[in-house]
Number of protein chains: 2
Amino acid sequence: MSDKTVPTKIYLTENEIPRQWYNVRAAMKEKHDPFLNPATLKPCTADDLRGVFCDELIEQELNQTDEYIDIPEGIVEFYKMFRPSPMVRAYWLEKLLDTPAHIYYKFEGNNTSGSHKLNSAVAQVYYAKQQGLTHLTTETGAGQWGTALSMACAFYGLDLTVYMVKVSSEQKPHRKEVMRTYGANVVASPSDTTEVGRKILAEFPTTGGSLGCAISEAIEKAVKTENCKYVLGSVLDHVVLHQSIIGLESKAALEKYGVTPDIIIGCAGGGSNLGGLISPFMGDKLKGKNDIRFIAVEPASCPSMTRGKYVYDFGDTGKTTPLMRMYTLGCGFMPSANHAGGLRYHGMSPIVSKLYHDGYMEAVSVEQTKVFEAAEKFARCEGILPAPESAHAISVAIDEALKCKERNEKKTILFGLTGTGYFDMTAYKAYNDGTMTDYIPTDEDLQRGFASILDIPQNK
Amino acid sequence: MSDKTVPTKIYLTENEIPRQWYNVRAAMKEKHDPFLNPATLKPCTADDLRGVFCDELIEQELNQTDEYIDIPEGIVEFYKMFRPSPMVRAYWLEKLLDTPAHIYYKFEGNNTSGSHKLNSAVAQVYYAKQQGLTHLTTETGAGQWGTALSMACAFYGLDLTVYMVKVSSEQKPHRKEVMRTYGANVVASPSDTTEVGRKILAEFPTTGGSLGCAISEAIEKAVKTENCKYVLGSVLDHVVLHQSIIGLESKAALEKYGVTPDIIIGCAGGGSNLGGLISPFMGDKLKGKNDIRFIAVEPASCPSMTRGKYVYDFGDTGKTTPLMRMYTLGCGFMPSANHAGGLRYHGMSPIVSKLYHDGYMEAVSVEQTKVFEAAEKFARCEGILPAPESAHAISVAIDEALKCKERNEKKTILFGLTGTGYFDMTAYKAYNDGTMTDYIPTDEDLQRGFASILDIPQNK
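Computed from a predicted model, the values in this text were never measured in an experiment.

### So, the overall build of chain A
Alright, step 1. Assigned secondary structure in chain A consists of 18 helices and 15 strands.
Alright, step 2. At 20 Å, chain A has a C-alpha radius of gyration in line with the 23 Å of a compact globule built from 460 residues.
Alright, step 3. When the backbone C-alpha atoms are referred to their principal axes, chain A occupies close to 60 × 50 × 45 Å.
Alright, step 4. Surface summary for chain A: the accessible area is close to 15,200 Å², and the carbon and sulfur share equals 49%.
Alright, step 5. Of the side-chain charges in chain A, 48 are positive and 56 negative, and the distance between the mean point of each set is 2 Å.

Below you can see the structure in the form of structure tokens.
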């Protein structure tokens, strides 16, 4: 644990790229409640999901028992383009904060999608290709998932339609061009290309859209298109599974230098990055092998864990998905228009929700001006301009490092730096200009969200 | 040289970051002609340069004899943030082209400046800080240099004013925000903040600006500001020296796998990336140790090597710098408005110019639609969205690889992938929309450029 021996960046070799994903559900004594078919209220079967999802992904989604799942060689080959990702010791941030804490971050932004999303995109497109599909649909919020999927589709030769949350597509026109460069068809959501989109537009003509709404449109389009399935970039168990590669590499890199984290911090929108980062460490914790504190960080403007309810809800605004028991603000919740970047989903990964509900992890929320303050500080000393999403984790990592300073504790903090902010400069401009505002939903705002799911039967 | 043993990415370790830069001038039997003081037409002394440049950089600029120059530990520490940069074997591009050639690229884009420019920015700001300066000025074209310098100034705590070529600042408003996030003051050039800017605006009120013009403004500002010097991101010998780290790391990485390049290709604007990439390889060639073909690639719209003259010229439009003998289109040359991205400088590094003039390297020019075609192809198979500048090198690497295919030659091609195109999406949009145009200067256009330097005395 001596500083001296740890390099600024720990790179694993290509041969050390994990050959298996880690399935944290296998280590959970109590699994999360099953997905329910909204028509029958019975647990979803593979057949229930087959209309929307690829076969192999359904198998992974329903696999709660195998602790390790093989990564096909074809996926490993693609991973070699951008993995292993660096584990960075934040020497300069430590120095700036003058903290005795050791701070590490796993940096997932060194690829053109600019985030960890590519880890699952590659896997999902690979399996779709194996199944003989020719077309995929998806939604994207901040644009990272859409970009990642566009890259994977270009590589494997599948057509792709991306429903992009309208407010993001307006804030980030350049994201759209990246996706187009990779051959994707990008549609601002809500759109008039689907029934559900037309319905939402009729009800909320000025809405900036939401992930939940874009999901509804993408699913409808997939169901109505031949040889086409829908893929999702977060929330679901198979996505967390793919993202476990972040945690596996992190663990391997730190173990090389005998480092064991005391605190692991990740931002949480749909929960895939956080779930993936913590998976193998949490598996150990569930087996009594460590006592790591896990902290989920969410935006104060979309506080699904810290202020949401742990109930069954739909994954989308149009109420077309299976029901999932998760922390949720209600599928009708819309984040305020001033919210920048991603992390705008109404719900939370059922795995992460269950772990949080059972007390294995903590959650905090942060206001966005504080997030951008942390982002700027980090950029100036560590040299990487972070995505606003990632800066949520930075903000709390700084808070924890400063607590260590107060208490003179030499803790080891690991956080997930999920991506870069190069397509978020409109938000950075607002921060630079001093015009960025915060918005914490009122109890009334939250009640409006919860009202949208009052009709969903709860079996608990 | 077996494919099997070479990983997709070759990473050196942190300890393998070079501790010395390579000074290719020491290996050149004939040096390039000296800089001349335009007032006396005598070779510039250190004192002539002191009004504008930092002392240590002047020493490096004038050092033609030491083959290796130590990199201070303080600079190596910063390098660790983003170096060693990966050497990538372009397996997927090779497969797509179905070529027997082996293609490698040294990727300098994995840092927030998005390019190799950070290699010299760090060094220049470090020396400025050592000298006790508190303020720097510079110019930026595509924005990569300005961003790199902003990052370095934020890190070392110096104030920075960046004159950004107006057409770039309009095409890339987000670049400006990155620089602002790092605390820089960004001014669109030509501006009314300097005498030379006002003069150029009076003569060409609608000009989009040029690097040469932005340089004039930055120099004027530096000279008139207390405790302030000017720094330049390309062209000069000390910049090529700093960029030699690209070539040194490339050589070390390839040697690990017993690989020796047959062809090395780099894009050329001011020549710093190309000069740095080729430096140690060229040193060996000058000593008869290899017979590598070196190819400089420039835009057809700004063809300083392929259509320029090898004469003494000013480095800036305002005619305030020392005279340099180099390939030039004349300091009054302005690239056409439809030209996207960087590589818009009227001249060329005196080192690169001399090597080209003496027959040690080749130069070709490429039209921009062809460049973007290569960029898209590369992005889709190699997963990195390249900067337009870098895509010039990609385009010629593809041409050479296809020649290998025709002739069934298993050559090893190395090119410099200098950066990413994340801030160039306006240009990509034009390409995606099919509205991008090419412009090759007419002989008349070139004559106008050459006319601007007819009054400069030539001693050869």
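Having seen it, we continue.
### Examining the relation of the copies chain B and chain A
Between the two copies of the chain lies a rotation about an axis combined with a shift along it.
Alright, step 1. Between the two copies, chain B and chain A, the superposition gives an RMSD of 0.0 Å; the rotation angle is 180° and the shift along the axis is 0.0 Å. Here the transformation between the copies is reduced to the relation of a two-fold axis. Rotation axis and chain B: the residue whose C-alpha lies nearest the axis is Asn110(B), separated from it by 3.1 Å.
Alright, step 2. Most of the interface of chain B is mirrored in chain A, where 100% of its interface residues are also at the interface.

### Describing the environment of Cys404(B)
Residue and element names in this part refer to chain B.
Alright, step 1. Note that Cys404 resides in helix 16 (residues 388–407).
Alright, step 2. The buried category is assigned to Cys404, whose relative accessible area is 2%.
Alright, step 3. Counting along the chain gives 44 residues from Cys404 to Arg448, while the straight-line C-alpha distance between them is 40 Å.
Alright, step 4. Once residues lying within four places of it in the same chain are set aside, the contact partners of Cys404 are Thr99, Pro100, Ala101, Glu409 and Lys411.

### Concerning the pattern of salt bridges
Alright, step 1. In total, this model carries 60 salt bridges over all chains according to the counting rule given.
Alright, step 2. Between Asp284(B) and Lys251(B) there is a salt bridge, and its shortest N-O distance comes to 3.0 Å. One end of the pair, Asp284(B), is in helix 12 (residues 272–286); the other, Lys251(B), is in helix 11 (residues 237–256), and 33 residues separate them in sequence.
Alright, step 3. Taking the relative accessible area as the measure of exposure, Asp284(B) reaches 15% and is therefore buried.
Alright, step 4. As a salt-bridge pair, Arg293(B) and Glu362(B) come within 2.8 Å of each other at their nearest N and O atoms. Of this pair, Arg293(B) sits in strand 11 (residues 293–299) while Glu362(B) sits in strand 14 (residues 362–366), and the two are 69 residues apart along the sequence.
Alright, step 5. Arg293(B) sits in the partly exposed class, given a relative accessible area of 26%.
Alright, step 6. Assessed through its relative accessible area of 32%, Glu362(B) is described here as partly exposed.
Alright, step 7. When salt bridges with common partners are traced through the structure, they connect Arg83(A), Lys106(A), Glu108(A) and Glu249(A) into a single cluster.

### Overview of the sheet that holds strand 7 (residues 159–165) of chain A
Residue and element names in this part refer to chain A.
Alright, step 1. Spatially, four strands are ordered 8-7-6-9 in an open sheet, and the strand pairing comes out parallel. In this open sheet, the two edge strands, each paired with only one partner strand, are strand 8 (185–189) and strand 9 (228–230). Here the strands of the sheet are splayed against their neighbours by 20° on average, with no regard to which way each runs.
Alright, step 2. Bridge count for strand 7 against strand 8 is five bridges, and the pairing is parallel. Each bridged residue has a counterpart across the sheet, and for Met164 the counterpart in strand 8 is Ala188.
Alright, step 3. Of the strands in this sheet, strand 6 (135–140), strand 7 and strand 8 are in contact with helix 8 (residues 173–181), which crosses strand 7 at around 175°.

### With respect to the domain arrangement of chain A
All names here are of chain A.
Alright, step 1. The domain architecture assigned to chain A consists of domain 1 (9–17 + 83–114 + 240–450) and domain 2 (30–68 + 116–230).
Alright, step 2. The centre of domain 1, based on its C-alpha atoms, is set 22 Å off from the matching centre of domain 2.
Alright, step 3. With 46 residues of domain 1 at the interface, the matching set in domain 2 holds 47 residues.
Alright, step 4. When domain 1 packs against domain 2, the two sides together hide about 3,600 Å² of surface, and 59% of this comes from carbon and sulfur.

### Re the interface of chain B and chain A
Alright, step 1. Each partner contributes residues to the interface: chain B has 41 residues there, and chain A has 41 residues.
Alright, step 2. For the pair chain B and chain A, the summed buried surface comes to about 3,900 Å²; carbon and sulfur atoms form 55% of the total.
Alright, step 3. For the pair chain B and chain A, the interface holds two salt bridges.
Alright, step 4. Close ionic contact of Arg180(A) with Asp433(B) constitutes a salt bridge, the shortest N to O distance being 2.7 Å.
Alright, step 5. Linking chain B to chain A there are 25 residue pairs in polar contact (both at pLDDT 80 or more).
Alright, step 6. For the side of chain B that touches chain A, the elements supplying multiple residues, two or more each, are helix 6 (144–156), helix 8 (173–181), helix 15 (368–382) and helix 17 (425–433) of chain B.

Basis of the calculations
Residues numbered from 1 in each chain as written. Chains lettered and ligands numbered in written order. Predicted model: local features only at pLDDT ≥ 70, side-chain atom pairs only at ≥ 80, totals over all residues. Heavy atoms only, no water. Helix = DSSP H or I, 4+ residues; strand = E, 2+ residues; numbered from the N terminus. Rg over C-alpha atoms; globule rule 2.2 N^0.38 Å. Areas by Shrake-Rupley, 256 points an atom, 1.4 Å probe, with all protein chains shown as cover. Lys, Arg positive; Asp, Glu negative; His and termini not counted. Charge placed at Lys NZ, Arg CZ, Asp CG, Glu CD. Least-squares fit on C-alpha atoms with pLDDT ≥ 70 in both. Contact = heavy atoms within 4.5 Å. Buried < 20%, exposed > 50% of the residue type's maximum accessible area, 1.4 Å probe, protein only. Salt bridge = Lys/Arg side-chain N within 4 Å of Asp/Glu carboxyl O. Pairing = 2+ DSSP bridges. Axes fitted to C-alpha atoms, helices over the stretch in contact; angles between N-to-C directions. Domains from an automatic or database assignment. Buried area = accessible area lost by both parts, 1.4 Å probe. Polar contact = N/O pair within 3.5 Å; in protein donor to acceptor, adjacent residues only side chain to side chain.

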